[in-house]
Amino acid sequence: RWLFDQFVCTLYAFCGVLFGLCSLASLTALSAVCCLKVCYPAYGRCWDGHAAVLLLAVWAYALAFAAAPLAQWGSYGPEPYGTACCIAWEASSREATLYILALFIFCYLVPCLL
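Residues numbered from 1 in each chain as written. Predicted model: local features only at pLDDT ≥ 70, side-chain atom pairs only at ≥ 80, totals over all residues. Heavy atoms only, no water.

S.K.: What exactly am I supposed to notice about the state of the cysteines here?
M.R.: When the sulfur atoms of two cysteines share a covalent bond, that bond is a disulfide. Across all of its chains, the model carries one disulfide by this definition. Two residues, Cys9 and Cys85, share a disulfide whose sulfurs are 1.9 Å apart. Taking the sign of the S-S torsion, -115 degrees for the link of Cys9 and Cys85, the bridge is left-handed. Here Cys85 lies in strand S2 (residues 85–87) and Cys9 lies in helix H1 (residues 6–39), a separation of 76 residues in the sequence. You can call Cys9 buried: its relative accessible area is 1%. Owing to a relative accessible area of 4%, Cys85 belongs among the buried residues under this scheme. No disulfide involves Cys34; its nearest neighbouring cysteine sulfur is the one of Cys35, lying 8.8 Å away. (Disulfide = S-S within 2.5 Å. Helix = DSSP H or I, 4+ residues; strand = E, 2+ residues; numbered from the N terminus. Buried < 20%, exposed > 50% of the residue type's maximum accessible area, 1.4 Å probe, protein only.)

Have a look at this one:
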């Protein structure tokens, strides 16, 4: 079972979502830049000096979706087995359902399709 209080559960889930989304977004950005540089060299050169901006955009993207449950759009809670914490997938409100749908579209479908 989860041994800590709700604050630690929320912090644990927030960090898991933040770093997971950041990893996925970083790999997506890296793949897109590599594709541009290899397949379209004329367009790939425009990214030569913009790595820091791209990394900031990746972290902002991940932070926006990870912080949403902290602003009451979705929620964090214990997993079904109760041993860790993550996004509360059992959406009981319209806002939570919309958050899960937004995660699916913008953090799974868009990176996979890109």
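Right, picking up where we left off after that structure.
S.K.: Looking at this structure, I do not really get the nonpolar core. What am I missing?
M.R.: Soluble, globular proteins show a tendency: their nonpolar side chains are buried together. Val17, Leu21, Phe65, Ala66, Tyr76, Ile87 and Leu103 are the most contacted members of the largest nonpolar core, which has 22 residues in total. Contributions of two or more residues to this core are made by H1, helix H3 (51–67), S2 and helix H4 (94–113). If we skip the residues at most four places from it in the chain, Leu103 touches Leu21, Phe65, Ile87, Trp89 and Tyr108. (Core = buried A, V, L, I, M, F, W, Y, C linked by side-chain atoms within 4.5 Å. Contact = heavy atoms within 4.5 Å.)

S.K.: I tried to follow a nonpolar patch on the surface on my own but got confused; where do I start?
M.R.: On the surface, Tyr61, Trp73, Leu98, Leu101, Phe104, Ile105, Phe106, Tyr108, Leu109, Val110 and Leu113 cluster together into a nonpolar patch covering about 1000 Å² of accessible area. No other element matches H4, which puts nine residues into the nonpolar patch. By secondary structure assignment, the location of Tyr61 is in helix H3. When its relative accessible area of 31% is taken as the criterion, Tyr61 is described as partly exposed. (Patch = residues over 30% accessible without salt bridge, like charges linked within 9 Å, V, L, I, M, F, W, Y side chains within 5 Å. Areas by Shrake-Rupley, 256 points an atom, 1.4 Å probe, with all protein chains shown as cover. Salt bridge = Lys/Arg side-chain N within 4 Å of Asp/Glu carboxyl O.)

S.K.: For this particular structure, what's the right way to read the UniProt feature "transmembrane region" (unreviewed entry) in the protein chain?
M.R.: In the numbering used here, UniProt assigns the feature "transmembrane region" (unreviewed entry) to residues 12–40, 52–76 and 96–113. The span residues 52–76 is 64% helix and 4% strand, and its two end C-alpha atoms sit 30 Å from each other. Secondary structure content for residues 96–113 is 100% helix and 0% strand, and the end C-alpha separation is 24 Å. (UniProt positions renumbered as here; feature names shortened; annotations may be inferred.)

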